[in-house]
Amino acid sequence: MVGLFSLPLTFALMAKINRKDTLNLLSKLTFRRMWNGMKVLASFYLSKWTRKPVQWGMPISVSFEPTTSCNLRCPECPSGLRAFTRPTGMLEKDFFRETIDQLHKDLWYLIFYFQGEPYLNPSFPDMVKYATEKKIYTATSTNAHYLTDENAKKTIESGLDRLIISIDGTTQEVYQQYRVGGQLEKVITGAKNIIRWKKELKSNKPFVVFQFLVVKPNEHQIEEVKRLAAEIGVDDVWFKTAQIYDYKNDPNKLIPETDKYSRYRKKTDGYEFKGRIANQCWRLWHDPVITWDGLVAPCCFDKDAQHQLGDIKKNTFREIWKSKEYTNFRSRILKGRKNIDICSNCSEGTKVWER
């Protein structure tokens, strides 16, 4: 029973133990999903103890990418920098439905995000609605530039459970230093549209979060964003540490001075990563990524999908999940995580979630 309750607790903690959001999440839990979660958890711990990869269940959570396109040019984002080697495109509605049909009986939590801005995909609200009809908990992250009155209404009607709005500054001058090309006014207007339509349609969903990526230019506005969130009426504020690719040199001067909000520690000759890299990873057992064109990647840190573990347009998801390629990657994690490039800058366990 401990394993069983640890699964909803993981997501509840991310929801800041918000009662309504947590109850909504738990309402999606069926006996089959519960049993699947127990199998996944047991296989993870068995793999950890024996150092041999075992996988008895199917994914508890999946990150599905609506698009790689983005309207902004954030300095530490491959999508914003147009730095992908993989093609840019849009997730097709029919392909999404076919994939969800393979997964929905076991799948509890669906993240409509990997790279890109989800609302650039015109079919995004329809795909959310389809997942909602399958009683899957749905979440997305947006820069909120496309939360027009119409899109805000469609969002509420889609049944989206959680909406994370990136707002990395409380003034345009500060906001644009990381959200290059963005307009803070549009973000605030989009958030207000969502809150208004929630009230208009008498909906408790989505659970709306302001996510504040703490970097050096904005760390002095932490208290200000809390006040702004309260004024608008969003449900919570999360402060997230920033992933810096060249953290040893920090060429964009983004690493904050406040140690609590930094993944890195200052040294005399630059910076070093503060996190401890253990030879295990819960994500490899419960939370894969599916790109817009059907590639399966091990986790959200493989932003360019370089470690491709399969292609859903060629094989079923179950075949990929149980494949030799997936088993070998899990084995690599158990033997030596430091030797895998996407793991070297991984923030698992180093995020800061604070109201």
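Computed from a predicted structure; not experimentally measured. (Residues numbered from 1 in each chain as written. Predicted model: local features only at pLDDT ≥ 70, side-chain atom pairs only at ≥ 80, totals over all residues. Heavy atoms only, no water.)

Below, the discussion takes up the overall build of the chain. Tallying secondary structure elements over the chain gives 12 helices and 11 strands in all. Taking all 355 residues of the chain together, the buried fraction comes to 58%. Total accessible area on the chain is roughly 16100 Å²; 51% of this is exposed by carbon and sulfur atoms. (Helix = DSSP H or I, 4+ residues; strand = E, 2+ residues; numbered from the N terminus. Buried < 20%, exposed > 50% of the residue type's maximum accessible area, 1.4 Å probe, protein only. Areas by Shrake-Rupley, 256 points an atom, 1.4 Å probe, with all protein chains shown as cover.)

Among the nonpolar cores identified, the biggest contains 91 residues, and Phe96, Leu110, Ile165 and Phe210 are the most heavily contacted of them. Among the elements that take part in this core, helix α8 (residues 184-200) stands out by supplying 7 residues, more than any other. (Core = buried A, V, L, I, M, F, W, Y, C linked by side-chain atoms within 4.5 Å.)

A few words now on the packing of helix α4 (residues 93-103) against helix α5 (residues 124-133). Running from N to C, α4 and α5 point in directions that differ by 20°, and their axes come no closer than 10 Å. The angle between α4 and α5 places the two elements in the roughly parallel class. The handedness of the crossing between α4 and α5 is right-handed. Facing α4, whose interface residues are Lys93, Phe96, Arg97, Ile100 and Asp101, α5 presents Asp126, Met127, Tyr130 and Ala131. (Axes fitted to C-alpha atoms, helices over the stretch in contact; angles between N-to-C directions. Parallel < 35°, antiparallel > 145°, perpendicular 65-115°, else oblique. Left-handed = near helix turned anticlockwise from the far one by under 90°. Contact = heavy atoms within 4.5 Å.)

Three or four residues apart is the spacing at which side chains of an α-helix point the same way, because the helix has 3.6 residues per turn. Across its 20 residues, helix α3 (residues 31-50) extends 28 Å between first and last C-alpha, which sits within 8% of the 28 Å expected from 1.5 Å per residue. Residues of α3 that are buried include every one of Arg33, Asn36, Gly37, Val40, Leu41, Ser43, Phe44 and Ser47, and no others. Seen from one end, α3 has its buried residues packed into an arc of 165°, which puts them on one side. Set apart from the buried face of α3 by more than 90 degrees, the exposed residues are Phe31 and Trp49. Trailing α3 by a residue or two, Arg51 shows a phi angle of about 65°, which is positive. (Expected span 1.5 Å × (residues − 1). Arc of directions from axis to C-beta.)

Another point: the state of the cysteines. In a disulfide, the sulfur atoms of two cysteines are covalently bonded to one another. Under the defined criterion, the tally for this structure stands at 0 disulfides. No disulfide involves Cys299; its sulfur sits 5.2 Å from the nearest other cysteine sulfur, which is in Cys300. Looking at Cys299, the relative accessible area reads 7%, which means it is buried. (Disulfide = S-S within 2.5 Å.)

Averaged over every residue, the pLDDT of the chain is 89; the share at 70 or more is 90%. Confidence drops under a pLDDT of 50 for residues 1-9, and excluding neighbours within four residues, the segment shows 13 contacts in the predicted structure. Low pLDDT, under 50, characterises residues 349-353; the predicted model gives this stretch 16 contacts beyond four residues in sequence or across chains. (pLDDT = per-residue confidence, 0-100.)

This brings us to the sheet that holds strand β5 (residues 207-214). Spatial strand order, β6-β5-β4-β3-β2-β1-β9-β10-β11: 9 strands in an open sheet with mixed pairing. Two strands lie at the open edges of the sheet, namely β6 (236-241) and β11 (310-311), each paired on one side alone. Where strand β9 (residues 289-290) and strand β10 (residues 295-297) come together, 2 bridges link them in antiparallel fashion. From the neighbouring strand, Ile290 faces β10, where its bridge partner is Val296. (Pairing = 2+ DSSP bridges.)

This part is about the pattern of salt bridges. Tallied over the full model, the rule gives 18 salt bridges. Across the salt bridge formed by Lys134 and Asp101, the nearest N and O atoms sit 3.6 Å from each other. One end of the pair, Lys134, is in the loop between α5 and β3 (137-142); the other, Asp101, is in helix α4, and 33 residues separate them in sequence. Here Lys134 falls in the partly exposed class, since its relative accessible area comes to 24%. (Salt bridge = Lys/Arg side-chain N within 4 Å of Asp/Glu carboxyl O.)

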